[in-house]
Amino acid sequence: MENKLLSGPQLLLVEKGAGLFSAVLRYGDGTEKQLPAITPAKDLIAATEIDYRGYRREIKRFREEHPLFQVRLDISVAGFEDLVAEALLLPSILQKSDPVSFFVLGELLHQSLQAEDDGSASFLLNAAEDLLYVLENPIRTQVCLRNIFEVTFDGIERATQQERFEKLRQLTEEEFLRRIDTTHELDSYEVGRAELVEETVWQHMVAGNLAFEAEMHYPETIQVLDLGVEEPEWELRTADDLRRRDQKGHQSLREQYGKR
């Protein structure tokens, strides 16, 4: 018989029949929590819809405002301990919206804090960076998943109707658009015939790096001087302007499918 008390935390997947699976969160003390059964496809779609904005803001606040990350000659142990105390509370934001990440982060943070002091002057700062990197794990995972959807959808819109149906199984085109419209850009999910466009810089960036994140790639604003015109003038370009430039024909959901 399995001795659950001797095993560490485990994330299990249990088949429930009829194509449904349930995630089981098994804690170190042997207690378990079973999440509602769901199909793998719906589970993946739900993962792209989790709202991490508040969670992301808190991590950003740590980087920008916590005294430990301010430029200084020495890093205090007290400052590191203060950051750890706050960081360990942060996953609680996800306890209801993303119980799997909440569970996994508990173990990952525990492992991160087991690193032995190597005696270097930068140990505490590096340990703090590692801690924030672990906290960002759910965000990175969602970015990769959304980019996979982006690449997959890019191929699906060029496929025949039968090929789309085979790839999406039970999802209609309209339902697929609704599901991946995680930022609620669209006013309508009616789909017309998609025009074939040449590959763009945007497509290459996403397909070549599934961890590509537009928010981190583009600066908030940048000044541009176009020397190719007769009377060049400085122009202010926003992150959205730069993104649309790289997307060209491969526009955002709103620009591709929104009502005009």
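Residues numbered from 1 in each chain as written. Predicted model: local features only at pLDDT ≥ 70, side-chain atom pairs only at ≥ 80, totals over all residues. Heavy atoms only, no water.

A. Region of the structure containing the packing of helix α2 (residues 53–65) against helix α5 (residues 123–135). At a minimum axis separation of 11 Å, α2 and α5 run at an interaxial angle of 170 degrees. Relative to α5, α2 is oriented roughly antiparallel. Facing α2, whose interface residues are Y55, I59, F62 and R63, α5 presents E129, L132, Y133 and L135. Of the residues belonging to the contact of α2 with α5, the class tally is six nonpolar, no polar and two charged. (Axes fitted to C-alpha atoms, helices over the stretch in contact; angles between N-to-C directions. Helix = DSSP H or I, 4+ residues; strand = E, 2+ residues; numbered from the N terminus. Parallel < 35°, antiparallel > 145°, perpendicular 65-115°, else oblique. Contact = heavy atoms within 4.5 Å. Nonpolar A, V, L, I, M, F, W, Y, C, P; charged D, E, K, R; others polar.)

B. Representation of the confidence of the model for the chain. On average, residues of the chain score 76 in pLDDT, and 66% of them reach the 70 mark or higher. Counted against residues more than four places away or in other chains, residues 1–6, with its pLDDT under 50, gives eight contacts. Here residues 193–197 is modelled with pLDDT under 50, and outside its nearest four sequence neighbours on either side it reaches six contacts, counting other chains as well. (pLDDT = per-residue confidence, 0-100.)

C. Seen up close, the environment of A127. Note that A127 resides in helix α5. Using a relative accessible area of 15% as the deciding quantity, one classes A127 as buried. Measuring from C-alpha to C-alpha, the distance between A127 and Q114 comes to 9.9 Å, with 13 residues separating the pair along the chain. (Buried < 20%, exposed > 50% of the residue type's maximum accessible area, 1.4 Å probe, protein only.)

D. Quick peek at helix α4 (residues 99–112). Taking 1.5 Å of rise per residue, 14 residues should cover 20 Å, and α4 covers 20 Å from first to last C-alpha, within 8% of that figure. Looking only at α4, the buried set comprises P99, S101, F103, L105, L109 and S112. (Expected span 1.5 Å × (residues − 1).)

E. Region of the structure containing the packing of aromatic side chains. A complete count under the given rule lists two aromatic pairs for this structure. The interplanar angle of 85 degrees and the centroid separation of 5.1 Å between the aromatic rings of Y27 and F103 together place this pair among those described as edge-to-face. Of this pair, Y27 sits in the loop between β2 (20–26) and β3 (32–34) while F103 sits in helix α4; the two residues are 76 residues apart in sequence, bridging distant segments of the chain. The exposure class assigned to Y27 is partly exposed, which follows from its relative accessible area of 30%. A relative accessible area of 9% means that F103 is categorised as buried. (Phe/Tyr/Trp six-rings, centres within 6.5 Å; stacked < 30°, edge-to-face > 60°.)

F. A look at α2. End to end, α2 covers 18 Å across 13 residues, agreeing with the expected 18 Å (1.5 Å per residue, within 8%). Buried residues of α2: Y55, I59 and F62, and no others. For α2, the angular spread of buried residues about the axis comes to 50 degrees, placing them on one side. Away from its buried face by more than 90 degrees, α2 exposes R53, R57 and E65. (Arc of directions from axis to C-beta.)

G. Up close: the environment of R243. Here R243 shows up in helix α11 (residues 239–247). Sequence separation of R243 and Y218 is 25 residues, and the distance between their C-alpha atoms is 7.4 Å.

H. A look at the nonpolar core. Counting residues in each nonpolar core, the largest one holds 25 residues, and the members touching the most others are Y55, F80 and L135. Of all the secondary-structure elements, those providing two or more residues to this core are α2, α3 (77–89), α4, α5 and α6 (137–156). No other element matches the eight residues that α5 contributes to this core. Excluding residues within four positions of it along the chain, F80 makes contact with L68, L124, A127 and A128. (Core = buried A, V, L, I, M, F, W, Y, C linked by side-chain atoms within 4.5 Å.)

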